[in-house]
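Take a look at the letters that make up each chain.
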Amino acid sequence: MSARPSALFVLDAKHLPMLFPPAVLSRLTALADIDPGLVAADFRDPRIGPLLPSLDVLITGWGCPQVPSEVLAAAPRLRAVLHTGGSVRHLLPTREWQRGLVVSSAAAANALPVAEYTLAMILLAGKDTLGLADRLRAERRFTLGEIHPGIGNLGRRVGVIGASRIGRRVIELLRPFDFDVSLYDPYVDDAAAGRLGVRSSGLAELLADSDIVSVHAPANDGTRHLIDRSGLALMRDGAVLINTSRGSLVDTGALTAELAAGRLRAVLDVTEPEPLPADSPLYGLPNVLLTPHIAGSHGNELRRLGLTVVEELERLLAGAPLLHRVTPEQLDRAA
């Protein structure tokens, strides 16, 4: 690759100012020839074709469609796809992953706000903060000094499903607290779990033993309805299910039945379908906290994603290994 590569933005233009605010954009334009005024969201954009023969780097993000094989064929110098979003599974046709392109993702940067959200919800759930807040709002009084025996985070059992980037960040953030943390991940053995500072567990065992279960596995054919009716039935009365991964990992109908019965509680940042239909019972249940897919990067957190891409480009130009490269073998195991 030349010392000063040619690069192109392909993403939803509305995100560009937040991904690349002036300081980050200035750092990018010092590295590459890229036109901030040309932000394409479709490879059929007539402005793209003339640029392809000399293109070295694609900078992609939310709103970027799959890169067609004919575009790749017309861009013989293309060496890297640097993605400001998380999952890159959709970016290239299957056969093109073998072409030797360097593909990098900002998933690690996006993992931090998701892990922060999860930690906050675990701590709040252990205190039954939302339930007691609802009670205070309804009764408009409380007894000073009253002890609530069923709450507290000391020794609370937290089950993490999936040692993905996000799952590992959650585990890391939980370390300073007095939780008993277990992990289910079929790719992580007992020794590896020990190195993470958690206990390895089977899925059924984790669901049955945990006070709080947090889902961080990838969405694929093998994980659809990973937590199904039988799995939910294993969860202890009053347990909390937190899902910030994908709604497809949980059987929504079965979960709705358990929540409507009042046996479980849930914090759901993702659902299936997403968004839920307006008549979904989940909107009105007092033991459910629904949030509008906000756990991942929003607002000023998008700057971290753009900065990650700039730093990857710096490594690429220096001939150094990328920190966030994604290989074909990782695609089905990354959340």
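Parameters at a glance
- Residue indices follow the written sequence of each chain, beginning from 1 at its first position.
- The model is predicted, so local features are restricted to residues of pLDDT at least 70 and side-chain atom pairs to those at 80 or more, both for listing and for counting; the totals for chains, interfaces and linings are taken over all residues.
- Heavy atoms throughout the structure, all of them, feed into the side-chain values; hydrogens and water do not.
- Strands here are runs of E lasting at least two residues and helices are runs of H or I lasting at least four, both read from the DSSP assignment and numbered beginning at the N terminus.
- Each radius of gyration reported is based on C-alpha atoms, and the globular scaling rule is 2.2 Å times the count of residues to the power 0.38.
- For every residue, the accessible area (1.4 Å probe, protein chains only) is compared with the maximum for its type, and the residue is labelled buried under 20%, exposed over 50%, or partly exposed between those bounds.
- A contact between two residues is defined here by any heavy atoms of the two lying within 4.5 Å.
- When charges are counted, Lys and Arg contribute as positive and Asp and Glu as negative, whereas His and the chain ends are disregarded.
- In plain terms, the charge of a residue is placed at NZ if it is Lys, CZ if Arg, CG if Asp and CD if Glu.
- Any Lys or Arg side-chain nitrogen located within 4 Å of an Asp or Glu carboxyl oxygen qualifies as a salt bridge.
- UniProt positions are given in the numbering used here, feature names are shortened, and annotations may be inferred rather than shown by experiment.
- In this text, buried Ala, Val, Leu, Ile, Met, Phe, Trp, Tyr and Cys residues form a nonpolar core when linked through side-chain atoms within 4.5 Å.
- Two strands are said to pair when DSSP picks up at least two bridges between them.
- Each Phe, Tyr or Trp ring (for Trp, its six-membered ring) is paired with any other whose centre lies within 6.5 Å, and the angle between the two planes then decides the class: stacked below 30 degrees, edge-to-face above 60, tilted in between.
- Expected helix span is given by 1.5 Å per residue-to-residue step, counting one fewer step than there are residues.

**Student:** I tried to follow the overall build of the protein chain on my own but got confused; where do I start?
**Tutor:** On a plain count of helices and strands, the protein chain comes out with 11 helices and 12 strands. Taking 335 residues into account, the globule formula puts the C-alpha radius of gyration at 20 Å, and the protein chain, at 22 Å, falls close to it. Along the first, second and third principal axes, the C-alpha set of the protein chain runs to 70 × 45 × 35 Å. Across the 335 residues of the protein chain, 49% fall into the buried class. Here the contacts in the protein chain between residues at least 6 apart in sequence split such that 66% fall between residues at least 24 apart. A distance of 3 Å separates the average location of the 34 positive side-chain charges in the protein chain from that of its 37 negative side-chain charges.

**Student:** Looking at this structure, I do not really get the pattern of salt bridges. What am I missing?
**Tutor:** Pairs may arise between side chains of opposite charge once their charged atoms sit close together. Inspection of every chain in the model, using the stated rule, returns 17 salt bridges. Taking the shortest distance from any N to any O, the salt bridge between arginine 4 and aspartate 33 comes out at 2.6 Å. A residue pair is termed long-range when its members are at least 10 positions apart, and arginine 4 in the segment before β1 (7-10) and aspartate 33 in the loop between α2 (22-29) and β2 (39-40) qualify at 29 residues. Residue classification places arginine 4 among the partly exposed positions, given a relative accessible area of 38%.

**Student:** Is there a simple way to think about the UniProt feature "domain: D-isomer specific 2-hydroxyacid dehydrogenase NAD-binding" (unreviewed entry) in the protein chain in this case?
**Tutor:** In the numbering used here, UniProt assigns the "domain: D-isomer specific 2-hydroxyacid dehydrogenase NAD-binding" (unreviewed entry) feature to residues 121-295. Secondary structure content for residues 121-295 is 32% helix and 15% strand, and the end C-alpha separation is 11 Å.

**Student:** How should the nonpolar core be read in this particular structure?
**Tutor:** Inside soluble globular proteins, nonpolar side chains tend to come together where they are buried. By size, the foremost hydrophobic cluster in this structure holds 28 residues, and its most contacted members are Ile122, Val158, Leu174 and Leu183. For this core, the element with the most residues is helix α4 (residues 107-126), which contributes eight residues. When residues no more than four places from it in sequence are discounted, the contact partners of isoleucine 122 are Asn153, Val158, Val170, Leu174, Phe179, Ile212 and Ile242. Formed by 26 residues, the second largest nonpolar core is a distinct cluster that contains Leu11, Val24, Leu28 and Leu82.

**Student:** Sorry, what's going on with the environment of leucine 307 here?
**Tutor:** Looking at where leucine 307 falls in the secondary structure, it is placed in helix α11 (residues 302-318). Considering only alpha carbons, one finds leucine 307 and serine 248, 59 residues apart in sequence, at a separation of 31 Å. Aside from chain neighbours lying at most four places away, what touches leucine 307 is Leu19, Val24 and Arg27.

**Student:** Explanation requested: the environment of methionine 235 in the structure shown.
**Tutor:** Checked against the element boundaries, methionine 235 lands in the loop between α9 (229-234) and β10 (240-243). Spatially, the C-alpha atoms of methionine 235 and valine 213 are 9.0 Å apart, while their sequence positions differ by 22 residues. Leave out the neighbours within four places in its chain, and methionine 235 touches Leu207, Val213, Val240, Leu241, Arg263 and Leu264.

**Student:** Would you explain the pairing of β1 in this entry?
**Tutor:** When a strand is regular, its side chains alternate between the sheet's two faces. Side chains of β1 alternate between two faces, with Ala7 and Phe9 and Leu8 and Val10 buried alike. Here four bridges tie β1 to strand β3 (residues 57-60), and the two strands are oriented parallel to one another. Bridging from a neighbouring strand, phenylalanine 9 pairs with isoleucine 59 of β3. Direction of pairing for β1 relative to β2: parallel, over a ladder of two bridges. Its bridge partner lying in β2, phenylalanine 9 is registered against valine 39.

**Student:** Is there a simple way to explain the packing of aromatic side chains in this structure?
**Tutor:** By convention here, two paired aromatic rings are described through the distance between centres and the angle between planes. Counted by the stated rule, this structure contains two aromatic pairs. Taking the centre distance of 5.3 Å and the plane angle of 55 degrees together, the rings of phenylalanine 9 and phenylalanine 20 count as tilted. You can see phenylalanine 9 sitting in strand β1 and its partner phenylalanine 20 sitting in the loop between α1 (16-19) and α2, a full 11 residues away along the chain. Each member of the pair phenylalanine 9 and phenylalanine 20 is classed as buried.

**Student:** How should α4 be read in this particular structure?
**Tutor:** Each full turn of the α-helix corresponds to 3.6 residues, which orients residues three or four apart in the same direction. When the terminal C-alpha atoms of α4 are compared, their 28 Å separation across 20 residues agrees well with the 28 Å that a helix rising 1.5 Å per residue should span. Counting buried residues along α4, 15 of its 20 residues qualify, which places the element largely inside the surrounding structure. Looking one or two places after α4, you find aspartate 128, whose phi comes out positive at around 50 degrees.

**Student:** Looking at this structure, I do not really get unusual backbone geometry. What am I missing?
**Tutor:** Note: most peptide bonds trans; most residues except glycine with negative phi. Cis peptide bonds are those with omega within 30 degrees of zero, and the linkage from glutamate 272 to proline 273 qualifies with -5 degrees. Its location among the elements puts proline 273 in the loop between β11 (265-268) and β12 (288-290). Look at the link from glutamate 274 to proline 275: it is a cis peptide, with omega at -5 degrees. Examined against the element boundaries, proline 275 turns out to sit in the loop between β11 and β12. Phi at arginine 140 is positive, roughly 55 degrees, even though this residue is not glycine. Position of arginine 140 relative to the elements: it lies in the loop between α5 (129-139) and β6 (157-161).

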